[in-house]
Number of protein chains: 2
Amino acid sequence: MKTRIGILGYGNLGRGVECAVRQNNDMELVAVFTRRDPASLSILTKSAAVRSVDDAANWKDKIDVMILCGGSATDLPKQTPEYVKCFNVIDSFDTHARIPEHFANVDAAAKEASHIGIISVGWDPGMFSLNRLYANALLPDGKDYTFWGKGVSQGHSDALRRIDGVKNAKQYTIPVDSALEAVRAGSNPELTTREKHTRECFVVLEEGADAAKIEQEIKNMPNYFADYDTTVHFISEEELLTNHSGIPHGGFVLRSGVTGWNSEHKHLIEYQLKLDSNPEFTASVLVAYARAAHRLAQEGQSGCKTVFDIAPAYLSAKSGEELRASML
Amino acid sequence: MKTRIGILGYGNLGRGVECAVRQNNDMELVAVFTRRDPASLSILTKSAAVRSVDDAANWKDKIDVMILCGGSATDLPKQTPEYVKCFNVIDSFDTHARIPEHFANVDAAAKEASHIGIISVGWDPGMFSLNRLYANALLPDGKDYTFWGKGVSQGHSDALRRIDGVKNAKQYTIPVDSALEAVRAGSNPELTTREKHTRECFVVLEEGADAAKIEQEIKNMPNYFADYDTTVHFISEEELLTNHSGIPHGGFVLRSGVTGWNSEHKHLIEYQLKLDSNPEFTASVLVAYARAAHRLAQEGQSGCKTVFDIAPAYLSAKSGEELRASML
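It should be emphasised that the depicted structure is a prediction, and the values quoted were computed from it without experimental measurement.

**Q** Help me out: how do you make sense of the overall build of chain A in this one?
**A** Check the secondary structure of chain A and you find 11 helices and 14 strands. Relative to the compact-globule value of 20 Å for 328 residues, chain A shows a C-alpha radius of gyration of 22 Å, a close match. On the principal axes, the C-alpha backbone points of chain A span a range of 65 × 60 × 35 Å. Out of the 328 residues belonging to chain A, those deemed buried represent 57%. Long-range pairs, those at least 24 residues apart, make up 68% of the contacts in chain A with a sequence separation of at least 6. Here chain A has roughly 13400 Å² of accessible surface; of this, 46% comes from carbon and sulfur atoms. If you average the places of the 35 positive and of the 43 negative side-chain charges in chain A, the two averages end up 4 Å apart.

Quick look at the structure:
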């Protein structure tokens, strides 16, 4: 019996989930739910239905886990507590500061409905969080570092596109090699925002826009660019589409710590992701946790969970015996 | 109420556990059990008792988790099923091929006694296993690579010391940089044993031993060295003690995989450890899982577990709220 998956929201992340489900033989995509006109939506999986979100509740006995692919700003804070009333759900809620509040809302609704809701699944929050937790538990006397990139920041690209005179733009977040090397060398550096990352912008101007003025506006933009060494390249729309249409990302989680009666031994734990497609990798994490959600629900568990609460074996299609024999 | 820890076996690993317990405020070392004469053993923790292993069963109400620090060849296959009758136990059993059998033995004894036994805890098996599992669950279409080193292999150093004419020796396992880079580049190479690691030996000869003959004997030793490019350095005992008395180790777990409807996007997940002290890091992992064992036992769970079966949050002294607010 396969785990029957629903997708709610069919943007980059939803399409990524569709692709990831196909890579897992113990799962099947049953339906995609959209806020658009379902007739206008063409999906890749011929066997799956396309329905309006308004129709979702009618599918509650046909779907084991609904994967919510909306945005964290406005969609998920409402959708996750709402849909967990009908389904076991997974989301990729990534507004770190609002996770405690989101957890509480989802937990209350999930417990009342006897469903599982797993929130903040992806790579940060998600796999990076897990690696922070493990590394802190193993090396209590140490220091954490997270670097992001090289990759496309959607938020920073959006900020560029909101500038008057900018037609299109893409922004890359790039970790500073020398900072990474200092951490790896075990020197436990104190690093400022500027020392950890640089920002590189590829900007297409509107006809007649003032490049010098726009470059200054970018470099001085508070929060987004002012605290960083920022490089701006003005390029043609053609070049942007040819060379910068991907959505790569990744990064590094490091913990440097000491052990020994006199703290005489240094250790470094490093986790690294290098991703050609940020949304497809995030989707792959969502699908692995959907497997866990289905199993937890079958065990009769309910409530809100995060990646911290779920034993690794729940993510794998293999049995405990197979895992011990092949991966331990 | 602190978790009360016992240590059984006071070699490098036992001393490492003693140091790690001191780094965790929610734990205390209660007693060390030894096969030697307890009066001959001087430990670092003034408040802890030193007792004979024969006395251990009398401590069953005074110890929450017994950490078994014996060897995998002969000690642990007997000790873990035996001591789990009296205690919640943790071991670092690392004979990969015999894990299923060890699991079955410990599981039966642990269930009968209503105790928890967590086996094969450390970094390989242990953290490396976890990373293989997570990476496989996230990228089902991909390829795994594990590299060890640069570090001291105890087994290979022992093999050198058994050669006639060798007074002392240390062997380093070294990953081949070009192989690592090929994996990181996503080319999914098929790598032979020789292509993945080299072996470097530092050998102190007995007076009058034949260096050329011993070098050939080393390089042609089946299983240990014949399948590798091996370098042999003959050095003085003084140099060995000065430059090669540490027990560093580490390594890399990588998974390279693809996502997308047409497998068009590549991803790389890499986990790396760089450890000044192999036994102290292994001990740190054991202590984190001792925390988990105590909690699981308090919940009324029993039986044999591995790192695959334990939710990450159990390893941390922080509460779920604290973890979500600070690390997610």
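From this point on, the discussion continues.
**Q** When you look at the interface of chain B and chain A in this model, what are you seeing that I'm missing?
**A** Many descriptions give the size of an interface as the accessible area lost when the pieces come together. If you look at the interface, chain B gives 67 residues, while chain A gives 67 residues. Taken over both partners, the interface formed by chain B and chain A buries close to 6200 Å², and the fraction arising from carbon and sulfur atoms is 64%. For the interface between chain B and chain A, the tally reads 0 salt bridges. The interface formed by chain B and chain A holds 29 residue pairs in polar contact (both at pLDDT 80 or more) in total. Breaking the side of chain B that touches chain A down by element, the ones donating at least two residues are α1 (12–22), α3 (99–113), α4 (127–138), β12 (249–259), β13 (265–275), α10 (278–298) and α11 (320–326) of chain B. Counting residues per element, the side of chain B that touches chain A draws most heavily on β13(B), at 11 residues. Classifying every residue of the side of chain B that touches chain A gives 36 nonpolar, 17 polar and 14 charged. Examined bridge by bridge, strand β13 (residues 265–275) of chain A and β13(B) share 9 bridges and lie antiparallel to one another.

**Q** Is there a simple way to think about the nonpolar core in this case?
**A** Here is a general trend for soluble globular proteins: nonpolar side chains tend to be buried in one another's company. Core analysis: the largest hydrophobic core is formed by 162 residues, its most contacted members being Ile90(A), Tyr289(A), Ile90(B) and Tyr289(B). With residues up to four places along the chain from it excluded, the contact list for Ile90(B) reads Val65(B), Met66(B), Ile67(B), Leu68(B), Ile118(B), Val121(B), Leu286(B), Tyr289(B), Ala290(B) and Ala293(B).

**Q** What exactly am I supposed to notice about the packing of helix α10 (residues 278–298) of chain A against α4(B) here?
**A** Packed helices, taken two at a time, are described by the angle their axes make and the gap between the axes. At their nearest, the axes of α10(A) and α4(B) sit 8 Å apart, and the two run at 105° to each other. Of the possible angle classes, the one that applies to α10(A) and α4(B) is roughly perpendicular. Here Phe281(A), Ser284(A), Val285(A), Ala288(A) and Tyr289(A) of α10(A) lie close against α4(B), whose contacting residues are Tyr134(B), Ala137(B) and Leu138(B). Considered class by class, the residues forming the contact of α10(A) with α4(B) number 7 nonpolar, 1 polar and no charged.

**Q** Where do I start with the sheet that holds strand β10 (residues 197–205) of chain B in this structure?
**A** The strands making up a sheet associate through backbone hydrogen bonding, with each pair oriented either parallel or antiparallel. Residues and elements named next belong to chain B. Here 4 strands make up an open sheet; going across it, the order is β8-β9-β10-β11 and the pairing mixed. Looking along the sheet, the strands with just one partner apiece sit at the ends: β8 (151–152) and β11 (229–234). In the sheet, β8 pairs with strand β9 (residues 166–175) via 2 bridges, with the strands oriented antiparallel. Each residue of the ladder has a partner; that of Gly151, found in β9, is Thr173. Helix-sheet contacts for helix α8 (residues 211–219) involve β9, β10 and β11, and the interaxial angle to β11 is about 150°.

**Q** When you look at the environment of Asn25(A) in this model, what are you seeing that I'm missing?
**A** Tracing the backbone shows Asn25(A) in the loop between α1 (12–22) and β2 (27–34). Spatially, the C-alpha atoms of Asn25(A) and Ala317(A) are 8.7 Å apart, while their sequence positions differ by 292 residues.

**Q** I'm lost on the pairing of strand β2 (residues 27–34) of chain B in this one. Help?
**A** Residues and elements named next belong to chain B. Across the 8 residues of β2, 7 count as buried, placing the element largely inside the fold. Relative to β2, strand β1 (residues 3–8) runs parallel, the two being bridged by 6 bridges. If you follow Thr3 over to β2, its bridge partner there is Met27. Once you follow β1 into α1 and on to β2, the crossover reads as right-handed. Judged from the 4 bridges that link them, β2 and strand β3 (residues 49–52) form a sheet pairing that is parallel. Note on β3: the bridge partner recorded for Phe33 is Arg51.

**Q** Looking at this structure, how should I read the pairing of strand β1 (residues 3–8) of chain A?
**A** Residues in a regular strand point their side chains to alternate faces of the sheet. All names here are of chain A. Here β1 lies mainly inside the structure; 5 of its 6 residues are buried. Sheet analysis places β1 next to strand β4 (residues 65–68), joined by 4 bridges and oriented parallel. Across the sheet, residue Ile5 finds its bridge partner in β4, namely Val65.

**Q** I would appreciate a short explanation of the packing of aromatic side chains in the present structure.
**A** Residue and element names in this part refer to chain B. For the coordinates displayed, the defined rule picks out 9 aromatic pairs over all chains. When the centroid spacing of 5.8 Å and the interplanar angle of 80° are considered together, the rings of Phe33 and Trp59 count as edge-to-face. With Phe33 in strand β2 and Trp59 in the loop between β3 and β4 (65–68), this residue pair connects regions lying 26 residues apart in the sequence. For the pair formed by Phe33 and Trp59, the shared burial category is buried. With a centroid separation of 5.7 Å and an interplanar angle of 85°, the aromatic rings of Tyr172 and Phe202 are classed as edge-to-face.

**Q** I would appreciate a short explanation of α4(B) in the present structure.
**A** For the α-helix, the turn length of 3.6 residues means that residues three or four positions removed from each other point alike. Residues and elements named next belong to chain B. Taking 1.5 Å of rise per residue, 12 residues should cover 16 Å, and α4 covers 17 Å from first to last C-alpha, within 8% of that figure. Of all 12 residues making up α4, 12 are buried, and the element is well covered by its neighbours. For α4, every residue scored as buried is listed here: Met127, Phe128, Ser129, Leu130, Asn131, Arg132, Leu133, Tyr134, Ala135, Asn136, Ala137 and Leu138.

Reading guide: rules and limits
- Residue indices begin from 1 for each chain and proceed along its sequence in written order.
- To read the labels, note that chains go from A and ligands from 1, taken in the order they are written.
- Under the rules for a predicted model, residues below a pLDDT of 70 receive no local features and side-chain atom pairs below 80 are neither given nor counted, while totals for whole chains, interfaces and linings still include all residues.
- Derived side-chain values reflect all non-hydrogen atoms in the structure, with water molecules and hydrogen atoms excluded from consideration.
- Secondary structure is summarised from DSSP: a helix means a run of H or I of at least four residues, a strand means a run of E of at least two, and numbering begins at the N terminus for each.
- With the radius of gyration taken over C-alpha atoms, the globule rule is written as 2.2 Å times the number of residues to the power 0.38.
- Exposure is judged per residue with a 1.4 Å probe applied to protein chains only, and the accessible area is read against the type maximum: over 50% gives exposed, under 20% gives buried, and values in between give partly exposed.
- A contact between two residues is defined here by any heavy atoms of the two lying within 4.5 Å.
- Computed with the Shrake-Rupley method and a 1.4 Å probe, the accessible areas treat only the protein chains shown as cover for residues.
- Here the positive residues are Lys and Arg and the negative ones are Asp and Glu; neither His nor the chain ends is included.
- Each charge is placed at NZ for Lys, CZ for Arg, CG for Asp and CD for Glu.
- Buried area: the accessible surface (1.4 Å probe) lost by two parts on joining, summed over both.
- Salt bridge criterion: a side-chain nitrogen from Lys or Arg within 4 Å of a carboxyl oxygen from Asp or Glu.
- Contacts described as polar in this section are N or O atom pairs within 3.5 Å, which, within protein, must combine one atom able to donate a hydrogen with one able to accept it, while residues neighboring in sequence count only if both atoms come from side chains.
- Charged residues are taken to be Asp, Glu, Lys and Arg, nonpolar residues to be Ala, Val, Leu, Ile, Met, Phe, Trp, Tyr, Cys and Pro, and polar residues to be all remaining types, Gly included.
- We call two strands paired when DSSP finds no fewer than two bridges between them.
- Residue types Ala, Val, Leu, Ile, Met, Phe, Trp, Tyr and Cys, when buried and joined through side-chain atoms within 4.5 Å, form a set referred to as a nonpolar core.
- Angular values range over 0 to 180 degrees, each being the angle between N-to-C directions of two axes fitted as lines to C-alpha atoms, with helices fitted over their stretch in contact.
- Here the word oblique covers every angle except those under 35 degrees (roughly parallel), over 145 (roughly antiparallel) and from 65 to 115 (roughly perpendicular).
- Whether a crossover is right-handed depends on one test, that the path from the first strand over the helix to the second runs clockwise when the strands point away from the viewer.
- Pairing of aromatic rings covers Phe, Tyr and Trp, the last through its six-membered ring, and needs centres within 6.5 Å; plane angles under 30 degrees mean stacked, over 60 mean edge-to-face, and all others mean tilted.
- One less than the residue count of a helix, multiplied by 1.5 Å, gives the span that helix is expected to have.

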